[in-house]
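Here is how the chains run, residue by residue.
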Amino acid sequence: MSSVAQALGISDDGIIQIISAYLNLLVLDIFSYGLYTMVFLYTLLQIAARSADKWPTQRVILTVILCVIWALATFNMGIAWNSLIVAFITHGQSQNSILGSITGYGDENWPMSRLVRNVTADTGVAVNAILADLINVWRCWELYNRSYVVAGLPMLCVLFGFVSHICNMVATYSVGPADSDTLSQIDWNIVYYSVTASTNVLTTFLIILRILSVGGLKSARTYRGLLEILIESAFLYTAIYSVYLALFIRDAYLPYYSITASYVYGLVNAATALAPTMIIGRVMSGEARPNDSWTRSSLPPMGSTMRSLAESIRFSSFRPVRTQNTATTGQASLAGEENVCAGGDAVRGHARVHVGSDAENREGAEVV
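If you're wondering where the values come from, they're calculated on a predicted model, not measured in any experiment.

Q: When you look at the overall build of the chain in this model, what are you seeing that I'm missing?
A: Scanning the chain for helices and strands turns up 14 helices and zero strands. Starting at the N terminus, the α and β elements of the chain follow one another as α-α-α-α-α-α-α-α-α-α-α-α-α-α. For the chain, the proportion of its 368 residues judged to be buried stands at 39%. In the chain, 79% of the contacts between residues at least 6 apart in sequence involve partners at least 24 apart.

Rendered as structure tokens:
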């Protein structure tokens, strides 16, 4: 065993697995970045094809946000590529040196190049995550008739996530002793990922609830309706982030590089940039519902939404109801006919009574 592996408690087979996972993770990052770049260029093409006099301010803001997300994703991709070169070229003399470069073990003095690279990479990932969360909150705000009450709680989660990330960076890259620092006593990574996952779950739930309340469950059974739910709510991004949070908490206190969580983290980086881009692309290309369709809906945010879902879930069979009504109507008709017949007989009986009375009157007159 090598010295780094002995210090981290990793076997020789574990070293090979960690190095292979690190290399495969970069390949996955490159593939997902290429897919994201194609979606980004297509979104810009759709924005450019739209009329310039429609939503001029919104077009500019959304275009700037898209460009910032793409620039940060490209910058992070360059940092990951540089880390690969440093690990396999600069420190590629042995498996021990490659493992030390990947895990960062043995860098007690924190070289300035590595410190700047890690700080900028963490900042870029966090800014992209915050922008993605803000896009989700903005879409939730639009779907609920621009209700600040509905968007208030997700927005507070975004702000708290931003604060927790700053605390995490201060605790990670602080120069002073770790024991004397109060921030270092808390695992801010878990706090940050938990708050971000909570924001995603909350906005996804609210958006799906709103789409189903307006379109009904029938819309979810069609291809376009399913795409609307998956894209508008960023469902895949939320699902991937939730899985990564569970794996991160499980492997948070491992002394070495987590292999399983590393693959999911590569998908998280791609989904963080891809989800807001697809939402903006859908809105700007005209595939999303018009804003007035959400405004025309008089459903309040939560109570009537659940009531609408309950009504759409209630499946009723109309044919037996019509048969029952028909039978009831037939019975009523028969009863009416019987009443008519009875009434006719009564009228005829009444007439006979009157006729008998007239005959008796004539007989009485003759006697007199």
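Q: Is there a simple way to explain the packing of helix α3 (residues 56–90) against helix α4 (residues 95–103) in this structure?
A: Geometrically, a packed helix pair is captured by the angle between its two axes and the distance between the axes. Contact geometry for α3 and α4: axes closest at 8 Å, N-to-C directions at 160 degrees. On the basis of their axis angle, the class for α3 and α4 is roughly antiparallel. Handedness of the crossing formed by α3 with α4: right-handed. Between α3 and α4, the residues in contact are Val 86, Ala 87 and Phe 88 and Ile 98, Ser 101 and Ile 102, respectively. Grouping the amino acids of the contact of α3 with α4 by side-chain chemistry returns five nonpolar, one polar and no charged.

Q: Could you clarify how one ought to interpret helix α9 (residues 223–232) in this entry?
A: In an α-helix, one turn spans 3.6 residues; hence positions three or four apart end up facing the same way. If you check which residues of α9 are buried, you get Gly 225, Glu 228, Ile 229, Ile 231 and Glu 232. For α9, the N-terminal capping position is held by Thr 222, with its side-chain oxygen 3.1 Å away from the main-chain nitrogen of Gly 225. At the exit of α9 stands Ala 234, carrying a positive phi of roughly 55 degrees.

Q: How should the pattern of salt bridges be read in this particular structure?
A: Two side chains carrying opposite charge are able to pair once their charged atoms lie near each other. Going through the model one piece at a time under the given rule, you end up with three salt bridges. With a closest N to O distance of 2.6 Å, Glu 232 and Arg 139 form a salt bridge. Here Glu 232, found in helix α9, pairs with Arg 139, found in helix α5 (residues 112–143); they are 93 residues apart in sequence, far enough to count as distant. Here Glu 232 falls in the buried class, since its relative accessible area comes to 1%. Because the salt bridges share partners, they merge into one network encompassing Arg 139, Glu 232 and Arg 282.

Q: What am I meant to see in the side chain of Arg 282 here?
A: Within the secondary structure layout, Arg 282 lies in helix α11 (residues 259–284). Accessibility expressed as a relative area gives 13% for Arg 282, which makes it buried. If we skip the residues at most four places from it in the chain, Arg 282 touches Arg 224, Glu 228, Ile 231, Glu 232, Glu 287 and Ala 288.

Q: So what exactly am I meant to see when it comes to the layout of surface pockets here?
A: Which parts of space are left empty comes out when a probe the size of a water molecule is rolled across the atoms. Looking at the second largest pocket, its volume works out to about 350 Å³. Elements represented by at least two residues in the lining of the second largest pocket include exactly α2 (12–49), α9, α10 (235–250) and α11. Ranked by residues supplied to the lining of the second largest pocket, first place goes to α11 with six residues. Within the lining of the second largest pocket, the residues separate by chemical class into 17 nonpolar, one polar and no charged.

Q: Help me understand a nonpolar patch on the surface, please; the structure alone is not making it clear to me.
A: A cluster of nonpolar side chains, namely Leu 134, Leu 153, Met 155, Leu 156 and Leu 159, defines an oily patch on the protein surface of about 440 Å² accessible area. If one sorts the elements of the nonpolar patch by residue count, helix α6 (residues 148–172) sits on top with four residues.

Q: Can you walk me through the packing of aromatic side chains in this structure?
A: Two measures describe an aromatic ring pair: the distance that separates the ring centres and the angle between the ring planes. One pass over the full model with this rule turns up eleven aromatic pairs. For the pair Tyr 22 and Phe 88, a centre-to-centre distance of 6.4 Å together with 25 degrees between the ring planes defines the contact as stacked. Residue Tyr 22 is found in helix α2, and its partner Phe 88 is found in helix α3; the two are separated by 66 residues along the sequence. Ring pairs connect the aromatic residues Tyr 192, Tyr 193, Tyr 237, Tyr 241, Tyr 244, Phe 248 and Tyr 265, which therefore count as one cluster.

Q: Help me understand the packing of α6 against helix α7 (residues 188–215) in this model?
A: α7 packs onto α6 with a crossing angle of 160 degrees between their chain directions and a minimal axis gap of 8 Å. Judged by the inter-axis angle, α6 sits roughly antiparallel to α7. In this structure, α6 meets α7 at a crossing whose hand is left-handed. Residues Val 150, Leu 153, Pro 154, Cys 157, Val 158, Phe 160, Gly 161, Ser 164, His 165, Cys 167, Asn 168 and Ala 171 of α6 lie in contact with α7, whose contacting residues are Trp 188, Asn 189, Val 191, Tyr 192, Val 195, Thr 199, Leu 202, Thr 203 and Leu 206. Of the residues in the contact of α6 with α7, the class split is 14 nonpolar, seven polar and no charged.

Rules used throughout
Residues numbered from 1 in each chain as written. Predicted model: local features only at pLDDT ≥ 70, side-chain atom pairs only at ≥ 80, totals over all residues. Heavy atoms only, no water. Helix = DSSP H or I, 4+ residues; strand = E, 2+ residues; numbered from the N terminus. Buried < 20%, exposed > 50% of the residue type's maximum accessible area, 1.4 Å probe, protein only. Contact = heavy atoms within 4.5 Å. Axes fitted to C-alpha atoms, helices over the stretch in contact; angles between N-to-C directions. Parallel < 35°, antiparallel > 145°, perpendicular 65-115°, else oblique. Left-handed = near helix turned anticlockwise from the far one by under 90°. Nonpolar A, V, L, I, M, F, W, Y, C, P; charged D, E, K, R; others polar. Polar contact = N/O pair within 3.5 Å; in protein donor to acceptor, adjacent residues only side chain to side chain. Salt bridge = Lys/Arg side-chain N within 4 Å of Asp/Glu carboxyl O. 1 Å grid on protein atoms, 1.4 Å probe; cavity = no way out; pocket = protein on both sides within 12 Å on 5 of 7 lines; lining within 4 Å. Points joined across faces, edges and corners; volume = space filled by probe spheres on them. Patch = residues over 30% accessible without salt bridge, like charges linked within 9 Å, V, L, I, M, F, W, Y side chains within 5 Å. Areas by Shrake-Rupley, 256 points an atom, 1.4 Å probe, with all protein chains shown as cover. Phe/Tyr/Trp six-rings, centres within 6.5 Å; stacked < 30°, edge-to-face > 60°.

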